[in-house]
Amino acid sequence: MKRWWWVIPAGAVAALLLVVLYRAFGTDPRAVPFQLKGQTAPDFEMKVINGEGAMTLESLRGRPVVMNFWASWCGPCAIEHPILEWGARSMGHRVQFVGVVFEDTEANARAWLARHGASFPHLLDERGQVAVDFGASGVPETYFISADGTIVDKHVGPISQMDLVHRVDQLTGG
Amino acid sequence: MHAALITLHLITGLTLGQYAPQRLAGEPLPAEQEARVQALASGLRCAVCQGVAISDSPSSMARAQLERVRELVAEGKSDDEVIDYFVARYGEWVLLEPEVSGVNLLVWAGPLVLVLLGMVVIARQVKGDENAPDEQLPDGAAQPADGPSEADADLARYLEAVRKETDQ
Amino acid sequence: MSLGHLGYALVLVGVAAATFGAVVGLVGGLRRRPATLRWALGATYAFAGAMLAANLVMEVGLLTDDFSIRYVAQVGSIQTPTVYKIVSLWSALEGSILFWGLVLGGYLAAFAWLHRKEDPLYMSVALGVMLSVATFFAFLIAGPANPFEVLPNPPSNGPGPNPLLQNHVLMIVHPPMLYLGYVGMTVPFGVALAGLIKGEIRTSWMGPLRRWTLTAWIFLTIGIVLGGWWAYAVLGWGGYWAWDPVENASFLPWLTATAFIHSTMVQERKRMLKLWTLSLALASFVLTILGTFMTRSGVFNSVHSFTQSDIGPTFLVFIGILLVACISLLAFRGPLLVAEDHIKAPLSRETSILVNNLVFAALTFVVLVGTLHPLIAESLFDKRVSVGAPYFNRLTLPFWVAMLFLMGVGPMLPWGRADGSRFRNQFLVPAGAALLTVGVCVAFGLRGGYALSVFGLAAFVTVITLRELVLPVRARMRDKQESFFKALSGSASRSQRRFGGYIVHLGIVLIAVAVAASSAFVSHTTATLRVGESFELQGHQMTFEGLVRGQEPHREYVAARLQLTPRGGDGQRLLAPRMNYYESSTDPVGTPAVHDTVREDLYVSLLAFDGKSQIASFNAWTFPLVSWIWWSLPILAFGTLIAVWPVRRRKPGKAGTKADGEGGKPEVAPADAPSPTAEQGAA
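The structure presented is a predicted model; accordingly, all values stated were derived computationally and were not measured.

(A) Fine view of the overall build of chain C. In terms of regular secondary structure, chain C is built from 22 helices and ten strands. A compact globule built from 683 residues would reach a C-alpha radius of gyration of about 26 Å, and chain C, at 27 Å, matches this within 12%. Once the C-alpha set of chain C is aligned to its principal axes, its extents read approximately 85 × 75 × 55 Å. Residues classed as buried in chain C amount to 56% of the 683 residues present. For chain C, contacts bridging at least 24 residues in sequence account for 72% of all contacts bridging at least 6.

Shown next, in the form of structure tokens:
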């Protein structure tokens, strides 16, 4: 029987391997973990490209914020933009919509906004530092910040109209 | 005609932003600090890349993250503080070298256990009869000594071992 | 009938032939019906023919831009240059599996043809096992990964193959080499599994087993090194190996196959480690399948991952079947393979090979578990972790150093038992060479424990290996009064394996030195320049002369003109690192400029540019000795060729008597056996 001892551990390891590989199917290897949920949002000061001067997060305290990272070179952002436009017009009185231009030139971003519309302020994240501060993992990405400055959650990828309404309701306690 | 269209396409693509603009890199810090920046950056996983360190990726996100490392180092933050900054945002996932604790013991202690186990197995294979007769030079051993070669006995015995080895 | 239908019909022929052959081979072999072998042989040739024809049909479709075939619509485009049209056969998932079928067919047909006169029962079982694998792949091509699906409304043009794959000529050679390596492991798997099924592995089969593994091994080696070269030449971050899951996937079977090549020597000589050796042959194959799963299932996030696909579950089932078959056969038949000898002394060749195998097993473990760990942590403990290059470098480095040491000590030790004092005497010269090398390096200002120990050990191994190669030649020259070249060729042909193996060792030493030097003594700088400004790295002066824009049929590019004055001042030249733009990708793909010399590579990539103000950012590195990695390939290939080169069978009779009397594939045993004249010459 001495020669058989290894069969049980070998079988167990093989079974475990199959289980691990099987369960891996449901996961997205590209998903980046997000740890800032429930934390205070880092403050920022960025230039407003479709308006005057600069804007800080501090100055928005007291209003919930929907903050969307985008770039002119990002295809999905263009698809998502009309939904945010709609959201800013119809829910802008409940929450503050803010766009953040990630890794882009000001001229490109301006031209893009001229084509796609700009119903809410868009800020220029010059060196991508705000995106890093917020733990972003790419564009488009939308952050939901409560009135007291806490990051409630974020949405990765283009957001749907239903999701947006749902999230805004959550933010405003609706 | 077609090629001309493509060139136009590239120019407009670059200006209208079909392609991610390649932003210019930040200025490196003084040598000593920059070395720390690069060392730290090579252990942090870029957020948009595929398992690549932020020091190695040409992507814009990696560049932004590298800038952040520079900024933190320039502010006088310690290595641990820089790492904590990234872990606070992306979790343990951001560390390309997993921490030596919890589940990760599998990858750190596992190889060690395997090597020790293997050494025990080999030791058991080898021991047994240390006193067995020396078989290195069996029947043919006398041959080279009688041979015409004037090489010293040591070399001859060595060559015999080689010959023996080549005897498939 | 359209081309797509024709291709699909051929795939179905392949499925039928493989299934038929698998059943006939296994049943006939187990029921002891030697006559069925010819059916199994026929089925093998039919499978190979069907696969060849199906691949040709796909090539015709790709070359004629027949977008009614789904795969062509997916990877083809009218603009793609012809050569990339040809290689786009393996540029995406479905095509690459079709190509896999072709390579598998080729290997099986070659195996069947070369060994058709062997023991028919054993051959039947071996072919049955291999055709079972073929059945799986044929089924995959016919079902989940069908490339021949006919589109009712074909598009007028396609997107063209993945930009990364069109970016460099190496992409034309690298994947086929890797496939030849991967798929080649099927043959040793079939032979080894047949041995287990029949409960015996005859000595006569050990030669073919080793040869087929070596064949797959050298292709895998070439594929891996070319892959590194490609990454270095294309990806622009200055590295050749990133410990990416897919790279690791190709590395795993390489590790076990290398271990096998060594342990098989102990098996043949000492009649021990039989079970272990067979397990390594099985593991090499299972790991290629696991590796393919990693590449194709979309479970891993990797540079190489093909788009997510639904063939993952099919592969998983296959892996499950393989594991069950291997483990249960090893369990039930293993006890029949008893060791007939044992190790007598700790200081002996066999012990050194045992330690070698332990090192390879540990490396395999580190790479496998490290690669799978993120999946394990997430699926079992719900924790997201990463395991990347820093981990693999730290854990594998000590093993590489140990390996290098063993490459020196092993060949010095005789089989059986080493004589302690003589061993010490032999040790002196190589050890002195090692110390001298380290001393010289330190004197030249080189520091760093690992790099210096690698250099020292490289000298150690080189001296020993050359001595092992030269001494028999010298003895021959003296004993038989032969010229150097005659003695060399005589000695090489008399002990091919030994001779070839040591040449391969020298190639590996070259790689070790190059890897250590290029990673330990790298210099790096970044610079952002206006036109006319320049920067300097390690004495190389580079002046930025402006940006140029250009176009090629399938892409456009922006290149920076950098005037290089190399260290020393001679041989000014222009470097043009560039950024390529493909219509199908929003991210540009860079091409670095490499100025390579024997001593070091100067490697410059264009990081970013601003066309309006003519400013550009560069990343520049110098990598000492890095090109030695690629240049070791001819040495490795040459050594392997010597080791596997078939030697004509000698007349059975006196010469053969000393060898294994079993016949089998006698090219192995008797050919390497001493000829009577050689013995007399020595006497």
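(B) Main features of the sheet that holds strand S8 (residues 593-596) of chain C. Residue and element names in this part refer to chain C. Strands sit in the order S1-S10-S9-S8 across an open sheet of four strands; the sheet is antiparallel. Each edge of the open sheet is held by one strand with a lone partner, namely strand S1 (523-530) and S8. Averaged over all pairs of adjacent strands, the angle between their axes in this sheet comes to 20°, without regard to strand direction. As judged from the eight bridges shared by S1 and strand S10 (residues 615-624), these two strands associate in the antiparallel manner. Along S10, the bridge assignment pairs alanine 527 with phenylalanine 618.

(C) Region of interest: the pairing of strand S7 (residues 151-156) of chain A. Residues and elements named next belong to chain A. The sheet contact formed by strand S6 (residues 141-145) and S7 spans five bridges and is antiparallel. Bridge pairing in S7 places glutamate 141 opposite valine 156. Adjacent in sequence and paired antiparallel, S6 and S7 are bridged by five residues, among which glycine 149 carries a positive phi angle near 90°.

(D) Structural view of the interface of chain A and chain C. Counting residues at the interface gives 19 residues for chain A, matched by 20 residues for chain C. Considering every element that reaches the side of chain A that touches chain C, the biggest residue donor is helix H1 (residues 7-24) of chain A, with ten residues. Here the side of chain A that touches chain C is composed, by residue class, of 13 nonpolar, three polar and three charged.

(E) Focus on the packing of H1(A) against helix H12 (residues 312-333) of chain C. One can describe the packing of H1(A) onto H12(C) by two numbers: an axis separation of 11 Å at closest approach and a directional angle of 180°. Relative to H12(C), H1(A) is oriented roughly antiparallel. On H12(C), the residues touching A:Val7, A:Ala10, A:Gly11, A:Ala14, A:Leu18, A:Leu21 and A:Tyr22 of H1(A) are C:Leu316, C:Ile319, C:Gly320, C:Leu323, C:Ile327 and C:Ala331. Residue classes in the contact of H1(A) with H12(C) are distributed as eleven nonpolar, two polar and no charged.

(F) Layout of helix H6 (residues 120-142) of chain C. An ideal rise of 1.5 Å per residue puts 33 Å on 23 residues; H6(C) measures up with 31 Å between its terminal C-alpha atoms. The buried count for H6(C) comes to 20 of 23 residues, which makes it a mostly enclosed element.

(G) Representation of the pairing of strand S1 (residues 45-48) of chain A. Residues and elements named next belong to chain A. Bridge count between S1 and strand S2 (residues 54-56): three bridges; the pairing is antiparallel. Each residue of the ladder has a partner; that of lysine 47, found in S2, is alanine 54. In sequence, S1 turns back onto S2 through a hairpin of five residues, with glycine 53 there showing a positive phi of about 65°. With two bridges joining them, S1 and strand S5 (residues 122-125) adopt antiparallel strand pairing. Along S5, the bridge assignment pairs lysine 47 with leucine 124.

(H) Broad picture of the environment of C:Thr264. All names here are of chain C. Of note, threonine 264 is situated in helix H10 (residues 245-270). For the pair threonine 264 and alanine 18, spaced 246 residues apart in the sequence, the C-alpha separation amounts to 30 Å. If near-sequence neighbours (up to four positions away) are discounted, threonine 264 is found in contact with Met206, Arg210 and Thr277.

(I) Molecular detail of the sheet that holds strand S3 (residues 65-70) of chain A. Residues and elements named next belong to chain A. Spatial ordering of the open sheet is given by S2-S1-S5-S4-S3-S6-S7, a layout of seven strands whose pairing is mixed. The sheet is open, and its two borders are formed by S2 and S7, each paired with just one other strand. The sheet shows a mean angle of 30° between the axes of neighbouring strands, taken without regard to direction.

(J) The arrangement of unusual backbone geometry in detail. Cis geometry is adopted by the peptide bond preceding A:Pro140, which originates at A:Val139 and carries an omega value of -5°. Along the chain, A:Pro140 turns up in the loop between helix H4 (129-133) and S6. For C:Leu273, which is not glycine, the phi torsion reads 60° and is therefore positive. For C:Leu273, the position within the fold is in the loop between H10 and helix H11 (274-296). Under the C-beta neighbour-count criterion, C:Leu273 is labelled buried, with 25 such atoms within 10 Å. Non-glycine residue C:Leu625 carries a positive phi angle of around 60°. Relative to the helices and strands, C:Leu625 is located in the loop between S10 and helix H19 (628-644). Overall, the presence of 20 C-beta atoms within 10 Å leaves C:Leu625 in the buried class.

(K) Inspection of the environment of C:Thr597 at higher detail. All names here are of chain C. Along the chain, threonine 597 turns up in the loop between S8 and strand S9 (600-610). On the basis of neighbour counts, which here come to 12 C-beta atoms within 10 Å, the residue threonine 597 falls in the exposed class. Note: C-alpha distance between threonine 597 and serine 627 (30 residues apart in sequence) is 7.8 Å.

(L) View of the packing of H10(C) against H11(C). At their nearest, the axes of H10(C) and H11(C) sit 8 Å apart, and the two run at 170° to each other. Considering the angle they form, H10(C) stands roughly antiparallel to H11(C).

(M) Molecular detail of helix H2 (residues 31-41) of chain B. All names here are of chain B. Taken residue by residue, H2 has Val37, Leu40 and Ala41 as its buried positions. Down the axis, H2 shows its buried residues gathered within 95° of arc, on one side only. Facing away from the buried side of H2 by more than 90 degrees, the exposed set consists of Ala31 and Glu32. Where the residues of H2 are buried, they touch helix H3 (60-74) and helix H4 (79-90).

The rules behind each value
- Residues numbered from 1 in each chain as written.
- Chains lettered and ligands numbered in written order.
- Predicted model: local features only at pLDDT ≥ 70, side-chain atom pairs only at ≥ 80, totals over all residues.
- Helix = DSSP H or I, 4+ residues; strand = E, 2+ residues; numbered from the N terminus.
- Rg over C-alpha atoms; globule rule 2.2 N^0.38 Å.
- Buried ≥ 20, exposed ≤ 12 C-beta atoms within 10 Å, placed from the backbone.
- Contact = placed C-beta atoms within 7 Å.
- Pairing = 2+ DSSP bridges.
- Axes fitted to C-alpha atoms, helices over the stretch in contact; angles between N-to-C directions.
- Nonpolar A, V, L, I, M, F, W, Y, C, P; charged D, E, K, R; others polar.
- Parallel < 35°, antiparallel > 145°, perpendicular 65-115°, else oblique.
- Expected span 1.5 Å × (residues − 1).
- Arc of directions from axis to C-beta.

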